[in-house]
Amino acid sequence: MGQSSSTEQQLSPELRQVQSLAASTGALPSLEKAFSLLSDPQTKSIPIHSLQKCFDLAFESLESERGPVFKEFPLLFSHLGSTIVDLFFVADKDGVSWIEFLRGYTKCCARTVASALFNNLFRVFSVTCSKAGLPVDVKFELYDDDCKISGSFSPHDIFMLLWICWIFSWDSRISRSNTLKKKGECRLPDVSHLVLSAIESSAENGHELDYWDSVVTELDFQLPAAKIHLWALKTVPHLADCFQQFLHARLCCLTAPEDKSEPSCSSSHESSSSAISETTLLTRGTAWAISRTLRGPIYEEMSKACFASEDEINENLLYRSSVHGKGLNRFWSNIEGYNGPLLLLIAACEEENKTRRWIIGALTQQGFENKELFYGTSGNLKEKNFVYSHLHPTGRVYDAHPKPVGVAFGGSIGNERIFMDEDFGRVTIRHHAVDKTYQHGALFPNQGFLPVEAAVLEVEAWGLGGRTAREIQASYKKREELFTEQRRKVDLKTFANWEDSAEKMMMDMMSNPNTVRQEDR
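Everything numeric here is computed off the predicted structure, so don't read it as measured data. Every chain is numbered independently, its residues counted from 1 as its sequence is written. Selection of residues for local features in this predicted model requires a pLDDT of at least 70, selection of side-chain atom pairs for listing and counting requires 80 or more, and totals for whole chains, interfaces and linings are taken over all residues. Based on all heavy atoms of the structure, the side-chain values leave hydrogens and waters out of the count.

Chemist: Explain unusual backbone geometry here, please?
Modeler: Phi is mostly negative for residues that are not glycine, and the peptide bonds are mostly trans. Backbone geometry at K44 places phi at a positive 55°, although glycine is not the residue there. Helix and strand labels come from DSSP, where a helix needs a run of H or I of at least four residues and a strand needs a run of E of at least two; each type is numbered from the N terminus. By the element assignment, K44 lies in the loop between α2 (28-38) and α3 (48-55).

Chemist: Can you walk me through helix α1 (residues 13-24) in this structure?
Modeler: Since the α-helix packs 3.6 residues into each turn, any two residues three or four apart lie on the same face. Here, expected helix span is obtained from the residue count minus one, scaled by 1.5 Å. The end-to-end C-alpha separation of α1 is 17 Å, in line with the 16 Å expected for twelve residues at 1.5 Å each. Relative accessibility decides the category of a residue: with a 1.4 Å probe and only protein chains considered, values under 20% of the type maximum give buried, values over 50% give exposed, and everything between is partly exposed. Those residues of α1 not exposed but buried are L15, V18, Q19 and A22. Considered in projection along α1, the buried side chains sweep an arc of 100° and stay on one side of the axis. Exposed and oriented more than 90 degrees from the buried face of α1 are P13, Q17 and S24. Contacts are residue-level and defined by heavy atoms, with any inter-residue pair within 4.5 Å sufficient. The inward-facing, buried residues of α1 abut α2 and α5 (98-109). One or two residues past the end of α1 sits G26, with phi positive at roughly 80°. Directions pointing from the helix axis toward each C-beta atom define the arc.

Chemist: Just checking my understanding: could you explain the side chain of D435 for this structure?
Modeler: Examined against the element boundaries, D435 turns out to sit in the loop between β12 (426-429) and β13 (452-463). Residues contacting D435, with those up to four places away along its chain left out, are G410, G411, R417 and H440.

Chemist: Just to check I follow, could you spell out the packing of aromatic side chains for this structure?
Modeler: Two aromatic rings, taken as a pair, are described by how far apart their centres are and by the angle between their planes. Two aromatic rings from Phe, Tyr or Trp, using only the six-membered ring of Trp, form a pair when their centres are within 6.5 Å; if the ring planes differ by under 30 degrees the pair is stacked, by over 60 it is edge-to-face, and anything between is tilted. All told, the structure shown has 25 aromatic pairs when counted by the stated rule. When the ring of F59 is compared with that of F77, the centres are 5.3 Å apart and the planes differ by 75°; the resulting orientation is edge-to-face. Within this pair, whereas F59 is found in the loop between α3 and β1 (61-64), its partner F77 is found in helix α4 (residues 77-88), the two being separated by 18 residues in sequence. Residue F59 shares its accessibility class with F77, and that shared class is buried. Residues F122 and F153 carry aromatic rings whose centres are separated by 5.5 Å and whose planes lie at 55° to one another, so their mutual orientation is tilted. Here F153 lies in strand β3 (residues 147-153) and F122 lies in helix α6 (residues 114-131), a separation of 31 residues in the sequence. For the residue pair F122 and F153, the accessibility class agrees, reading buried in each case.

Chemist: Explanation requested: the environment of W212 in the structure shown.
Modeler: Its location among the elements puts W212 in the loop between α8 (192-202) and β5 (223-224). Overall, the relative accessible area of 23% leaves W212 in the partly exposed class. Along the chain, W212 and N446 lie 234 residues apart, while their C-alpha atoms are 9.3 Å from each other. If we ignore the near neighbours within four places in the chain, the residues touching W212 are R356, R357, W358, P445 and N446.

By themselves, these observations are geometric and do not establish any function.
In structure tokens:
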């Protein structure tokens, strides 16, 4: 940076290497600006308290969709900044120098393996809790380029960790949209489904849990930290990206205030009222959890379901059975022509206990097609039986071996992992042993080995292809409507005169065959 050396030739090899690593993230110009705003011109270093303030969180009010927020949770916010600085930024008596500022940034935001990112996230959470007087029983063994985690988390700890990650995501997204305000409120999503997933995956052998009647926030037992680490890598592999995005946004959104006072990037935000209607199957917590498994444009579209306005969300809802009507034909008329990624959600319940409702979902990388075979593509799954969607064939009178009519995912024809009938009245769920396409595991609590039939309560289809996919579908529907209108119209000019037509002659002959007729010449 220009403030710490006058010319490029005077850069030390060490500094040149660190700047090159920071440049590889694409953030070097923003970091130079942030350092110039935060640093003391005389010492050419950032005072520790200034850097800590960049990462502190503060909210006027804090609410949760599930119920009251843990009373100790807000205590973490005032200690977050000091934790981040202590863990990743090395300071001397003057503060954090330019080279240490870059090193701290690259420790958090440079490209690395997912396990290292999770170690950073867990360390930040553990140390922050300890500073707030809420110790977590997790230990870290640090090596030169690795970190081994041991100890355990409680379900309560997992809840707070996920909430912190959601705030990281929300904060970074709001920072990028330049909608920061001085005071605001935060409404945390319901992430209990993720906590239950972590419990099911990480609980010690022999520990049985009643998933239907248990209150997640009141569970009191320990989950091995190493197993939680593996669960996160498998289930929400991009969860640790939240911390990267937060730190990057906080440093790169710095602006010089008009009153020449100390630059600030406080976390007082606009209200985060629920963007998704509370009646839809896709809640903010579910949308955020799914987004933590994605990257690229589809990640951005899914993130809108967490943080965008309700109008922006509704334009992605292609089909909802309670609004558009149940059945494959109604479903098809709303999703036909949409060639982007789709998220299908099915809410169902077993006949034996209708109060136990569960929701399953499937994310496709392409639009639905009317085929008699499975279709779909993916770069990392075992087989190709991803999606099956088949309507009643047209133009056929009899088929000795008719194909199933409905929507299915995984398995094989007649033995699908998930199959929903054409009326959207019943859904059949089979054990993962029949499926070599999708990951193993139960799709709802206490699934068992036998096929389960359940009544469908609601079906939703969400388009994740962005504006381009919506415009293409709109053009497709307009073209189909034009063709339909043209088929309805009959142009009488294309027909010959009725009196001279062969049809009239045949009808006359049939009505009176003995009449003598002479050809007109």
